[in-house]
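# Examining the three-dimensional arrangement
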Amino acid sequence: MSDTVLSNRIYGAPGRRALTAEQVIRLTGLTILTLMIGAAVFGPMLLAYGAQEIVCQPFATPSAAHLLGCNDAGQDILAGVLTGGRISLSVGVVTALLTTALATLVAVGAAYYGGLTDQLAMRVVDVIMSLPFLPLVIVLGTFLGASLPVQVLVITLVMWAQPVRELRSQVLSLRSAEHVEAARAMGGGFAWIARKHLLPDLAPLIVPQFVRVAHNAILIESSLSFLGLGDPLRKSWGTILFHANARTAFLTESWVWWILPPGIAIALAVVAFALMGYGIGDDKTPRADRNARALDDVEKEPSDGILSLQHVSIAYRTGQGTVPAVRDVSLELRQGELLGLVGESGSGKSTLGMSLLRLLPPAGKITGGGVWLDGENLFSAEDARLRALRGSRIALVPQSAMNALNPVRTIGWQISEALRIHGRQGGAAQVARLLQLVQIDPSRAAAFPHELSGGMRQRVVIAIALANDPKVLIADEPTTGLDVLVQAEIMALFAHLRTRLGIAIVFITHDLPLIAAEADRLAIMEKGVIVETGTPGDLERNASHPHTRALFASVPRLHAPRIWQRGPHAGDRILTLENVSMSFNAGFAARLRGARPVHALRGVSVELRRCEVLGLVGGSGSGKTTVARLSLGQYAPDNGAVLFDGKPLHRASGTPVHMIFQDPYQSLSARMSVMEAVAEPLRIAGRTCKPADIATALRDVHLPDDNVFLNRRVGSLSGGQRQRVAFARARITRPQVILADEPTSMLDQSIRLEILNLLEDMRRDLGTSILFITHDIVLARHFCDRVAVMRDGVVVELGQADDVALNPVHEYTSRLIEAVEHPSSARIS
Amino acid sequence: MVYLRIVLQYAAVLAVALSLNFALPRIAPGEPIDFLLPEDVLVNMSPEEHAQVMREFGLDLPLGTQFSNYVSGVFSGDLGTSVSFGMPVWDVVLSRLPWTLLLMGWALAISAIVGSVLGVAAARLKGGKLDIMSLVGVMFLGSAPPFWIAMLLITLFSAHLGWLPSYGAAPLTAMPGSWEWVSGVALRLIMPVTALTLFQTANILLTARSAMTIALGQDYITFARAKGASENRIFTAHAFRNACLPIYTNIMIGIGNLVGGALVIETVFSYPGIGSLIVEGVGARDYNLLQGVFLLATMSVVLANLAADLGYPLLDPRARQA
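Residues numbered from 1 in each chain as written. Chains lettered and ligands numbered in written order. Predicted model: local features only at pLDDT ≥ 70, side-chain atom pairs only at ≥ 80, totals over all residues.

## Looking at the overall build of chain A
A count of helices and strands for chain A gives 32 helices and 22 strands. Its C-alpha atoms put chain A at 105 × 75 × 60 Å along the principal axes. The burial tally for chain A puts 50% of its 829 residues in the buried class. Long-range contacts, defined here as pairs at least 24 residues apart, represent 72% of the contacts in chain A between residues at least 6 apart. (Helix = DSSP H or I, 4+ residues; strand = E, 2+ residues; numbered from the N terminus. Buried ≥ 20, exposed ≤ 12 C-beta atoms within 10 Å, placed from the backbone. Contact = placed C-beta atoms within 7 Å.)

Spelled out as structure tokens, the structure:
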């Protein structure tokens, strides 16, 4: 495939340039179908005879008057084929319309309501899909009588199940999408969410379902008619073939004009639908990284590192041309060194890291420079040599270790494979040794990846990387997405392995505080360039580059003076959780699914006062998000009470509680305009929304309020801008309580404090109380007035923020603080 | 626990098929008795005879009793009497079943093997002109109605070339079990199996190709490259092992389609399986026979799916628990 085709497949065709192969295929299908519909609609009008008229000798051969000859009854076959198209095509299209509408309704309903409704609907779908559909259609058709409506009905009845199954799984993933969650949190009901969020996102997925049903319906109709179950009074392509078969036309010369044309018509119509659906809804992004092509060798400048990067440049092909991602980067890694490669999103740090193994996404290309491992240039190495070096001398701990393990192989097999590839013994003893190295019980070798926790999977990946005693390890965001305490464990493991094995490590991360505590040296990357290198201490005290200074300045310190100073408040209680317990998967539907019950909260009591910021701190699974959901009124607690202003919380009470989500890339629908996104909570509540209010809300969060910006798609905004939009729509409701679920953890370090300032503005201006959910106890100490530390659904410590963070009483609180302050001192649990 | 749920699931399918069978003659226009006796008999019946027939078939009993009688009848092998054959439905069906199984067995095996091999090969050539051309070709094959392909096969190989017999399943003149009989059966299998296979192969080929493409895009493939694995190893030990899961599922779903396909194909070749039986049943308005065949077809598909589902956890460790 040529480069343009490749890049078009990845990025979509740019502008009005040449069509992609897939678009050509789809257009061909559309053209064929349009021509066929045209022929079926207008063709019979142009002919002198109707399809049922007896106009010639039975079995007449083709002639100028009868281009396709005549059948056994003396009817013109061409007229039959053209008229038959009307029946066959309309059965296909009508059935497809009915089926897709029914399937969409059931899928959206089942996935939206979930629980027992969903289970029941899906069991019905399973049952229908297990019935052999053609015999079923035949039996139903025979009993109900042969007619077109019966055909359409019966085909619909047996065909709706499969699209339901496929659409439901899509709706399920959409439903748990955060922008849908956000709409629910604002009080949106089924109608609003289905109309504004689910259906628009689902539309592109419904198209292929429609196409496939139409395709199958035409085939089934032809089979039914062929078996004599068609409407006896109307001709379809299938009935023509039924008569031809009954007269054994295939044994005579008449097959050419009697059997061929209707069959070709069916095949063409079905193919047209298949072509139209080609490639729609496929997962087309080839994510896996390919071997980048070898470059010419270049002269190496003298250097002393074990790994030496010199003038490395990398570019990505996009629809708009080539975009540089890494520009002229030179870097040395010394024996046994832990080098932190730190940068924000889009800085090129991961691209640079993966290029060291010459593994780049298909659109990426190394455009210059060299990487020398022990004096050998990796960029110019032959493929076979490169494979021999990968995993043996230079190894990778990839991003998203969750998915880096093959789900159908045992971890023992995968560790053993790493050894065997490089010609070493991969027996049980060697596997056990490596598992012990990463502190996993060797008896787990027979386990599959899904049976391990996230932290254990990450350690297995590390064991694989270390299998052949590499000199250099590239760790690409190895702690991202893990729980705080597990992050610390992994950090501790790296520190331990480094001292024990003397490996040099390039540690790629966006988490400056985490790596600054451990690294020998940091390299700060911005926009494809390394702007500064130095020891963490040096960089923190005297950075010369403004980006480095901004990064360090944005990290809150445990023992520094408070960033947000507030006077004492004596507000009364606004939100109270009284001895609340809550468990999931305890219902009948969950047991049917085979899920185990989870006790998310056990006797939690907290109270939020007016104008106060209460921090809820804990690792994943501690129950903090459940507290937020209960405070929104989304769940009712199993035990205890959730009180708002002294009264039980009702969803109907307007929007006194507003939730701000963690990930602004997901909590706002990318399709909406800024104006729609900001106005959404008011529209859901059925309140009027004045343009002036929207403008004010946007100004309050320091966003432009002109028409151009108001009409921009949320999808075209940066992460920081999106989170500001999320704040604007929180402000517009003038909420009494804000639930902020890690509102800055997905944002780049350098803009986090600004975003928190907006939250503080809102508290000050509107007197809003804030429930601030975070895993970062140091940040909570600065931003919150009081802090509640949660673990396994229980509040283990509650007090003034400074007291809890500086003089922790509970052992779990101390561990959370240690995990941030001295990650490598963590012990593995 | 997994297995219990799977078995329950299919028990439900069977229950639905039974209820459907029981309900159909009762909800369709007319009386249930209309579906039990030939029309000419019905027309000439006196009210007394009518009442007696109703009693004989137990149609005067309460619905609940009728249903339990029906179910216990089915489980004791009583599917009623076929009007057109004048024999118990069960006996008629049993005499035809082996031929259909023979036909479907070959079609299933050939389409599974050829489809997955070609699909995996197509994934290897993915993106090239050859790949796209072959895809379009395969789509056309998969889109042509199998009974039409069957008719064209007869025209070519029987009418014009005279190589293959176009009628029946076995030579009428040969002794069953003799060499002549076996070779005759084999010759008569070629065309129906081909027609049935073409359709199914196209389907499996497309699944295999897309399953391989998806597997090759996963993160564990990148990690395998970073381990130093060769492209061959990545293709077989990692991508193909994972692609096996959707391919297997698709082959098993195909069994249901094959039953439908066999039904139509048998008609074209006058192949004496249950497919042509159902068509004969439709022609003769032999409702008992239709219901019996439908029940049997459902039972075989349910059994095949049950076996497939029970086998799936062997392939996918993630399906073994919960």
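Having seen the model, we can carry on.
## Observations regarding the overall build of chain B
Each helix and strand in chain B was counted, giving 12 helices and 2 strands. Helices and strands in chain B line up, N terminus first, as α-α-α-α-β-β-α-α-α-α-α-α-α-α. Considered along the principal axes of its C-alpha atoms, chain B spans approximately 85 × 60 × 40 Å. The proportion of buried residues among the 322 residues of chain B is 41%. Within chain B, residue pairs in contact and separated by at least 24 positions form 72% of the contacts whose partners lie at least 6 positions apart.

## Here we look at the interface of chain A and chain B
Counting from both sides, the interface comprises 67 residues of chain A and, opposite them, 68 residues of chain B. Sort the elements by how many residues they give to the side of chain A that touches chain B and helix α5 (residues 133-144) of chain A lands first, with 9 residues.

## Details of the packing of helix α6 (residues 148-159) of chain A against helix α9 (residues 190-226) of chain A
Helix-helix packing is described using two parameters, namely the angle between the two axes and the distance between the axes. Residues and elements named next belong to chain A. Two numbers describe how α6 lies on α9: the axes approach to 11 Å, and their chain directions differ by 130°. If you check the angle between α6 and α9, you find them oblique. As α6 runs across α9, the sense of the crossing is right-handed. Seen from α6, the contacting residues are Gln151, Ile155 and Met159; seen from α9, they are Val213, Asn216, Ala217, Ile220, Glu221 and Leu224. The residue makeup of the contact of α6 with α9, split by class, is 6 nonpolar, 2 polar and 1 charged. (Axes fitted to C-alpha atoms, helices over the stretch in contact; angles between N-to-C directions. Parallel < 35°, antiparallel > 145°, perpendicular 65-115°, else oblique. Left-handed = near helix turned anticlockwise from the far one by under 90°. Nonpolar A, V, L, I, M, F, W, Y, C, P; charged D, E, K, R; others polar.)

## Points about helix α16 (residues 428-437) of chain A
Residues and elements named next belong to chain A. Along α16, the residues classified as buried are Val431, Leu434 and Leu435. Summarising the axial view, the buried residues of α16 lie within an arc of 100°, below the 170-degree limit, and thus occupy one face. Exposed residues pointing more than 90 degrees away from the buried face of α16 are listed as Ala429 and Gln436. In the core, the buried residues of α16 are packed alongside α15 (411-421) and α17 (454-466). (Arc of directions from axis to C-beta.)

## Comments concerning the environment of Thr201 of chain B
Residues and elements named next belong to chain B. Within the secondary structure, Thr201 is located in helix α8 (residues 179-216). With 25 C-beta atoms counted inside 10 Å, the residue Thr201 sits in the buried group. Taking the C-alpha atoms as reference points, Thr201 and Ala23, separated by 178 residues in sequence, lie 37 Å from one another. Leaving out residues up to four positions away in the same chain, Thr201 has contacts with Ser111, Val114 and Gly115.

## Concerning the nonpolar core
With 336 residues, the main nonpolar core has Val137 and Phe772 of chain A together with Ala150 of chain B as its most contacted residues. Setting aside its immediate chain neighbours within four residues, Phe772 of chain A contacts Val613, Leu614, Gly615, Leu616, Ala740, Ala780, Phe783 and Cys784 of chain A. (Core = buried A, V, L, I, M, F, W, Y, C linked by C-beta atoms within 7 Å.)

## A few points about the sheet that holds strand β13 (residues 573-584) of chain A
All names here are of chain A. Taking strand neighbours across the sheet as the criterion, the 4 strands line up as β14-β13-β16-β17 in an open arrangement whose pairing is antiparallel. The sheet terminates laterally at β14 (598-609) and β17 (647-648), the two strands that pair on one side only. Across 8 bridges, β13 lies against β14 in antiparallel orientation. The residue bridging Val580 from the neighbouring strand is Val604, located in β14. (Pairing = 2+ DSSP bridges.)

## Quick notes on the pairing of strand β21 (residues 786-791) of chain A
Residue and element names in this part refer to chain A. With 6 of its 6 residues buried, β21 lies for the most part within the structure. Because side chains alternate across β21, one face comprises the buried residues Arg786, Ala788 and Met790, and the other comprises Val787, Val789 and Arg791, equally buried. Both β21 and strand β22 (residues 794-800) contribute to a ladder of 6 bridges, which runs antiparallel. Its bridge partner lying in β22, Arg791 is registered against Val794. If you look at the hairpin formed by β21 and β22, you'll find 2 residues sitting between the two strands, and Asp792 has a positive phi there, around 50°.

## Concerning unusual backbone geometry
Residue and element names in this part refer to chain A. Phi angles above zero are rare outside glycine, and Gln439 is one such case at about 60°. Tracing the backbone through its elements, the reader meets Gln439 in the loop between α16 and α17. According to the C-beta neighbour criterion, Gln439 is partly exposed, with 15 such atoms within 10 Å. The phi dihedral of Asp792 falls on the positive side, at around 50°, and the residue is not glycine. Following the sequence through the fold, Asp792 ends up in the loop between β21 and β22.

## Some details on the pairing of strand β11 (residues 521-526) of chain A
Residue and element names in this part refer to chain A. Counting buried positions along β11 yields 5 of 6 residues, so the element is predominantly enclosed. Inspection of the sheet shows strand β4 (residues 338-343) paired to β11 by 5 bridges, in the parallel sense. Bridge assignment links Leu341 to a residue of β11, and that residue is Ala523. Two strands pair when backbone bridges link them, and β11 and strand β12 (residues 529-534) are joined in this way by 5 bridges, in the antiparallel orientation.

## A few points about the environment of Ser330 of chain A
Residues and elements named next belong to chain A. Note on placement: Ser330 falls in strand β3 (residues 321-333). Placed 22 residues apart in sequence, Ser330 and Ser308 show a C-alpha to C-alpha distance of 7.6 Å. Each residue touching Ser330, except ones within four places of it in the same chain, is listed here: Leu309, Gln310 and His311.

## Some remarks on the confidence of the model for chain B
Residue and element names in this part refer to chain B. Per-residue confidence for chain B gives a mean pLDDT of 80, with 93% of residues at or over 70. Considering each helix and strand of chain B separately, the mean pLDDT is smallest for helix α2 (residues 39-43), with a value of 71, and largest for helix α9 (residues 219-227), with 89. In the predicted complex, the global pTM is 0.80; the interface-specific ipTM is 0.83. (pLDDT = per-residue confidence, 0-100.)

## Regarding the sheet that holds strand β10 (residues 504-509) of chain A
Residue and element names in this part refer to chain A. Spatially, the 6 strands line up as an open sheet ordered β8-β9-β10-β4-β11-β12, and their pairing is mixed. Each of the sheet's edge strands pairs with one partner strand only, and the pair in question is β8 (394-397) and β12. The sheet shows a mean angle of 20° between the axes of neighbouring strands, direction not considered. Sheet strands touched by helix α21 (residues 546-553): β11 and β12. Its angle to β11, the strand with the most contacts, is close to 110°.

## Things to note about the packing of α9 of chain A against helix α12 (residues 260-276) of chain A
All names here are of chain A. Running from amino to carboxyl end, α9 crosses α12 at an angle of 165°, the nearest separation of the two axes being 8 Å. Here α9 lies roughly antiparallel to α12, going by the angle between them. Relative to α12, the crossing made by α9 is left-handed. From α9, Val211, Ala214, His215, Ile218, Leu219 and Ser222 reach across to α12, where they touch Ile266, Ala269, Val270, Phe273, Ala274 and Met276. Looking at the contact of α9 with α12 residue by residue, the class counts come to 10 nonpolar, 2 polar and no charged.

## Quick word on α17 of chain A
Across its 13 residues, α17 of chain A extends 19 Å between first and last C-alpha, which sits within 8% of the 18 Å expected from 1.5 Å per residue. With respect to burial, α17 of chain A is a largely interior element, 12 of its 13 residues being buried. For α17 of chain A, every residue scored as buried is listed here: Gly455, Met456, Arg457, Gln458, Arg459, Val460, Val461, Ile462, Ala463, Ile464, Ala465 and Leu466 of chain A. Elements in contact with the buried residues of α17 of chain A: β8, α15, α16, β9 (472-476) and α18 (484-501) of chain A together with α9 of chain B. (Expected span 1.5 Å × (residues − 1).)

## Re the environment of Thr83 of chain A
Residue and element names in this part refer to chain A. By the secondary structure assignment, Thr83 is in helix α3 (residues 77-113). C-beta crowding within 10 Å serves as the criterion here: with 23 such atoms nearby, Thr83 is assigned to the buried category. When the C-alpha positions of Thr83 and Val211 are compared, they lie 22 Å apart, and in sequence the two are 128 residues distant.

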